[in-house]
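# Architecture and fold: a report
Residue-level listing of the chains:
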Amino acid sequence: MTEHAVIIAGGGPTGLMLAGELALAGVDVAIVERRPDQEISGSRAGGLHARTLEIFDQRGIVDRFLAEGQKAQALGFAGMRFDISDFPTRHPYSLGLWQNHIERILAGWVEELKVPIYRGVEVTGFVQDDTGVDVALSDGRSLRAGYLVGCDGGRSLVRKAAGIAFVGSEPTTSNLIAEVELAETPPEWGIRRDAIGVHSIGRVDYKVRDGEVIYADTGPVRVLVTERQIGTGEPTIEDLRAALVAVYGTDYGVHSVTAISRFTDAARQAMEYRKGRVLIAGDAAHVHPPDGGQGLQTGVQDAVNLGWKLAQVVQGTSPDSLLDTYQAERHPIAARVLRHTSAAVALRREDDRTKALRETMAELLGMNQTGQQFASIMSGLEIHYDLGAGHALLGRRMPDLDLVTASGAIRVFSLLRGAVPVLLNLGGPGSIDIMPRADRVQVIDAKYEGPWELPALGVVSAPKAVLIRPDGYVAWVGEGTQLGLAGALSTWFGPEAG
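A few points on the structure. All of these numbers come straight from a predicted model, not from anything done at the bench.

Right, let's get into the overall build of the protein chain. Broken down by element type, the protein chain carries eleven helices and 31 strands. For 498 residues, the compact-globule estimate of 2.2 N^0.38 gives 23 Å, and the protein chain sits close to it at 23 Å. For the protein chain, the spread of C-alpha atoms along the three principal axes comes to 75 × 60 × 40 Å. Within the span of the protein chain, comprising 498 residues, buried residues form 53% of the whole. Across the protein chain, the fraction of contacts at a sequence separation of at least 24, relative to all contacts at a separation of at least 6, is 69%. Split by element, the accessible area of the protein chain, about 21200 Å² in all, is 51% carbon and sulfur. Measuring between centres, the 48 positive side-chain charges of the protein chain sit 1 Å from its 61 negative side-chain charges.

The structure is reproduced here in structure tokens:
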């Protein structure tokens, strides 16, 4: 039986990101992916938000995505668009890039890290014991792992087999999304809203120019259409034709379907993100309507939160209890995503009262402070893990400051390339001592003279030192003394070696 320290079921964005995180930490990780290659049917998610881009920047791979995507101010809610171009981040925008390209780029990174992928098979069951998990594959083989992580989507077999409850709301509406050819050219491209719902027709290929979407003159067409009745099962071209006729009065001679899928506004979240040596992440842990483009972003952030913690447990640096902080931190974040996307679905309706509510919401979100706060949430830049009272930075993303060190200038995110924690000492060189854990944490003596600014919160007081976790979040803030540092190091990076 082949053994790995960690097996990941599912090679989508969440599974790929988690594999990369574990590989950076030196963990023997493998992916089990049912597809024979990285190709996906259709384009699915259509972009990356600011915090996701920052995460890729922390790992040194963001330029791969920027080279293929298109920058735009694409955050929105309740008919209100948010401009985050003045936010204190190197990526104050969203990046238009379809999921098939996102996955391809991530898969290339994971391949460079030499992560093995078992392709064309899937996990069909597992049995866990006190020391690991026996994983059954669809081709009759078995694998052994210390831990199994289900990144296998909303219908997750891993979640179901682990007996984890998946609770939430039933669907009230359904949509079809397809890539097709049309015999007739629609009189207009773009989004349409009516009493049935929200719909759009546009070329697959497009550019964003001065904030406006410019579609290609030729090529395949992407269709999104809300169905008059809630659809179930695998969609067909006849379902698509009927939905188009109901909305547009014609199906435009739709033919040559290369991809078609159905999604609903059901919102569900796992009660537990962990059962013993089995964990779940991404859509396996939470599903919700696609409004606001939050799904892929939330899954990637799940992976980055879990990766370094699982690596430390596997390597014996930290106790198993560190994994409990994964759910404690990520479950509330996903719960808020479900709440916001469900609200967005309610605001899609076109009756007079809902229109009035949507317009009122747009007015409120147009107020400077309120709009900035909500935009920081939607972009992922506002995420705050509850690590207790203290400095405003505690539990929040570390800004990507331009530092000056004895070796020259360096960015904070450059220090996180290897997913290793960083103790940034901005006081006198050598004034902080972490000798018992010097092999686990980078200590960087540096200077920074500029403002410390957080999205929506504004300028905060400059600390003397910060302890930065591998996921880029601040675990401790020093105000001139080492008070509390030993406890933070022990909590997050394991006790002193005995």
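Right, let's talk about the sheet that holds strand S20 (residues 267-270) for a bit. Across a sheet, strands are paired by hydrogen bonds formed along the backbone, either parallel or antiparallel in direction. The antiparallel open sheet is built from three strands, whose spatial order is S12-S20-S23. Each edge of the sheet is formed by a strand with only one pairing partner; in this case those strands are strand S12 (166-169) and strand S23 (286-287). The pairing of S20 with S23 spans two bridges and is antiparallel. Looking at the pairing, Arg 268 lines up with Val 287 of S23. Along the sheet, helix H8 (residues 324-346) contacts S20 and S23; its crossing angle with S20, the most-contacted strand, is approximately 175 degrees.

For the rest of this paragraph, the subject is the nonpolar core. Inside soluble globular proteins, nonpolar side chains tend to come together where they are buried. Of all hydrophobic cores here, the largest spans 85 residues; its most connected members are Val 6, Phe 56, Phe 65 and Leu 467. Here this core takes nine residues from helix H7 (residues 295-314), the largest share from any one element.

Bringing the environment of Pro 92 into the picture now. In this fold, Pro 92 is placed in the loop between strand S6 (80-81) and strand S7 (94-96). In contact with Pro 92, other than residues within four places in its own chain, are Gln 73, Ile 84, Ser 85 and Phe 87.

At Ser 256, a residue that is not glycine, the phi angle is positive and equals roughly 50 degrees. Unusually for a residue other than glycine, Ala 419 sits at a positive phi of about 60 degrees. Mapped onto the elements of the fold, Ala 419 is located in the loop between strand S25 (408-411) and strand S26 (422-425). Judged by its relative accessible area of 12%, Ala 419 is buried.

As a further point, take the pattern of salt bridges. Considering all chains together, one arrives at 29 salt bridges under this definition. Its salt-bridge partner being Arg 262, residue Glu 227 comes within 2.8 Å of it at the nearest N-O pair. With Glu 227 in the loop between strand S18 (221-226) and helix H6 (237-248) and Arg 262 in strand S19 (residues 254-264), this pair connects stretches of sequence that are 35 residues apart. A salt bridge links Arg 411 to Asp 400; its shortest N-O distance comes to 2.7 Å. Of this pair, Arg 411 sits in strand S25 while Asp 400 sits in the loop between helix H10 (368-378) and strand S24 (402-405), and the two are eleven residues apart along the sequence. Take Arg 411: its relative accessible area is 21%, and that puts it in the partly exposed class. Here the residues in one salt-bridge network are Asp 57, Arg 90, Asp 400, Asp 402, Arg 411 and Arg 417, joined through shared partners.

Right, let's talk about the side chain of Arg 159 for a bit. Note on placement: Arg 159 falls in helix H5 (residues 157-161). Buried and unpaired, Arg 159 has no salt bridge, with Asp 152 as the nearest side chain of opposite charge at 6.6 Å.

A word on the packing of aromatic side chains. Throughout the structure, instances matching the rule amount to nine aromatic pairs. Seen from their ring centres, Phe 56 and Phe 65 are 4.3 Å apart, and the 10 degrees between their planes marks the pair as stacked. Aromatic pair Tyr 448 and Trp 452: ring centres 5.9 Å apart, planes at 90 degrees, arrangement edge-to-face. According to the relative accessible area criterion, Tyr 448 is partly exposed, its value standing at 23%. Its relative accessible area of 3% is what places Trp 452 among the buried residues. Members of the aromatic cluster, connected to one another through ring pairs, are Phe 77, Phe 82 and Phe 374. Above the ring of Trp 98, the side-chain terminus of Arg 222 is found at 3.6 Å from the ring centroid.

Here the focus is the sheet that holds S19. Spatial ordering of the open sheet is given by S14-S15-S18-S13-S19, a layout of five strands whose pairing is antiparallel. On the outer flanks of this sheet lie strand S14 (190-193) and S19, each paired with one strand and no other. Direction aside, the axes of adjacent strands within the sheet are offset by 15 degrees on average. Two strands pair when backbone bridges link them, and strand S13 (residues 174-182) and S19 are joined in this way by eight bridges, in the antiparallel orientation. Its bridge partner being in S19, Ile 177 is matched across the sheet by Ser 261. Against the sheet, H6 contacts S13, S14, strand S15 (198-203), S18 and S19, and its axis sits at roughly 85 degrees relative to S19.

About the criteria used
- Residues numbered from 1 in each chain as written.
- Predicted model: local features only at pLDDT ≥ 70, side-chain atom pairs only at ≥ 80, totals over all residues.
- Heavy atoms only, no water.
- Helix = DSSP H or I, 4+ residues; strand = E, 2+ residues; numbered from the N terminus.
- Rg over C-alpha atoms; globule rule 2.2 N^0.38 Å.
- Buried < 20%, exposed > 50% of the residue type's maximum accessible area, 1.4 Å probe, protein only.
- Contact = heavy atoms within 4.5 Å.
- Areas by Shrake-Rupley, 256 points an atom, 1.4 Å probe, with all protein chains shown as cover.
- Lys, Arg positive; Asp, Glu negative; His and termini not counted.
- Charge placed at Lys NZ, Arg CZ, Asp CG, Glu CD.
- Pairing = 2+ DSSP bridges.
- Axes fitted to C-alpha atoms, helices over the stretch in contact; angles between N-to-C directions.
- Core = buried A, V, L, I, M, F, W, Y, C linked by side-chain atoms within 4.5 Å.
- Salt bridge = Lys/Arg side-chain N within 4 Å of Asp/Glu carboxyl O.
- Phe/Tyr/Trp six-rings, centres within 6.5 Å; stacked < 30°, edge-to-face > 60°.
- Lys NZ or Arg CZ within 6 Å of the ring centre and 35° of its normal.

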